[in-house]
Each structure stands twice: as C-alpha cells, then as structure tokens.
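Notes for the structure review
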Amino acid sequence: KQVLVVISDGQPHARGYGGAEAENHVRSIVNDLEKQGVFVVQIAIDSFNSETMFKHFIPFQENNLGKSLSKLLRKELIQAIESV
C-alpha cells in the first residue's frame, strides 16, 4: 500500500483556483487516489476546511505531530495486514 502525506495550510489557492471549486477538486483527487489504494493523509498547518477535502488529517502540533502521525499510520497498516 502506498502512502501520500500532504503538508499544507489546507486552503487550495492559486491564480484562478480557489474556494469551493478548488476544495471539490482536491477532494476528487484524494478520492481517486484512495480508490487506487493510496492512503492519503494531510498534515494541516492550519486546518482550514481539511475535513471537506481529506478523510484523514492531522492538525499540526509541534510537540505531538510524530506521535499522531505514527498512530494513524500504524492503524492503517494493521487494517491492511488484516485484510490480506
């Protein structure tokens, strides 16, 4: 199983790209990747609407990031092993 860790402020934005349309696009891409077996997790520097785009996201907390990320990845790994 592949893992994609996205580190972002949670607000998709570029020239001519933003708002609800951009959030829907990110959600669509994340869903497509997950259908292909990729586990996608966002490390949210600022969790601006993370829940609308990502099924799995971890708010960035300087003292707790490693623990939170390893806990989530361990859970996903166990589920992957059990499904084999």
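**Digging into a positive patch on the surface**
- Judged by side-chain charge, Lys-67, Lys-71, Arg-74 and Lys-75 come together as a positively charged surface patch.
- Given a relative accessible area of 60%, Lys-71 falls into the exposed group.

**Quick word on the sheet that holds strand E2 (residues 38-44)**
- Spatially, 3 strands are ordered E1-E2-E3 in an open sheet, and the strand pairing comes out parallel. Of all strands in the sheet, those with a lone pairing partner are strand E1 (2-8) and strand E3 (57-59), marking the two edges. Strand-to-strand twist across the sheet, computed as the mean angle between neighbouring axes with direction ignored, equals 20 degrees.
- Relative to E3, E2 runs parallel, the two being bridged by 3 bridges. Residue pairing in the sheet places Ala-44 in a bridge with Pro-59 of E3.
- This element, helix H1 (residues 19-35), spans E1 and E2 of the sheet and lies at about 140 degrees to E2.

**A closer look at the pairing of E2**
- Counting buried positions along E2 yields 7 of 7 residues, so the element is predominantly enclosed.
- Alternating residues of E2 divide into Val-38, Val-40, Gln-42 and Ala-44 and Phe-39, Val-41 and Ile-43, and every residue in both groups is buried.
- As for the winding sense of the linkage, the β-α-β connection from E1 through H1 to E2 is right-handed.

**Comments concerning the pairing of E1**
- Two strands pair when backbone bridges link them, and E1 and E2 are joined in this way by 7 bridges, in the parallel orientation. Bridged to Val-6 within E2 is Gln-42.

**Some points on the confidence of the model for the protein chain**
- Looking at the protein chain, pLDDT values average 84 and 92% of them are 70 or higher.
- The secondary structure element of the protein chain with the lowest average pLDDT is helix H3 (residues 65-82), at 76, and the one with the highest is H1, at 94.

**Digging into a nonpolar patch on the surface**
- Taken together, Val-3, Val-5, Ile-7, Ile-45 and Phe-60 make up a surface patch of nonpolar side chains, about 440 Å² in accessible area.
- With respect to the secondary-structure elements, Phe-60 resides in the loop between E3 and H3.

**Structural notes on the side chain of Ser-50**
- Structurally, Ser-50 is set in helix H2 (residues 50-53).
- With a relative accessible area of 0%, Ser-50 lands in the buried category.
- Among all residues touching Ser-50, those that are not within four sequence positions of it are Gln-42, Ala-44 and Phe-57.

Cut-offs applied
- Residues numbered from 1 in each chain as written.
- Predicted model: local features only at pLDDT ≥ 70, side-chain atom pairs only at ≥ 80, totals over all residues.
- Heavy atoms only, no water.
- Patch = residues over 30% accessible without salt bridge, like charges linked within 9 Å, V, L, I, M, F, W, Y side chains within 5 Å.
- Areas by Shrake-Rupley, 256 points an atom, 1.4 Å probe, with all protein chains shown as cover.
- Salt bridge = Lys/Arg side-chain N within 4 Å of Asp/Glu carboxyl O.
- Lys, Arg positive; Asp, Glu negative; His and termini not counted.
- Charge placed at Lys NZ, Arg CZ, Asp CG, Glu CD.
- Buried < 20%, exposed > 50% of the residue type's maximum accessible area, 1.4 Å probe, protein only.
- Pairing = 2+ DSSP bridges.
- Helix = DSSP H or I, 4+ residues; strand = E, 2+ residues; numbered from the N terminus.
- Axes fitted to C-alpha atoms, helices over the stretch in contact; angles between N-to-C directions.
- Contact = heavy atoms within 4.5 Å.
- Right-handed = clockwise from strand over helix to strand, strands pointing away.
- pLDDT = per-residue confidence, 0-100.

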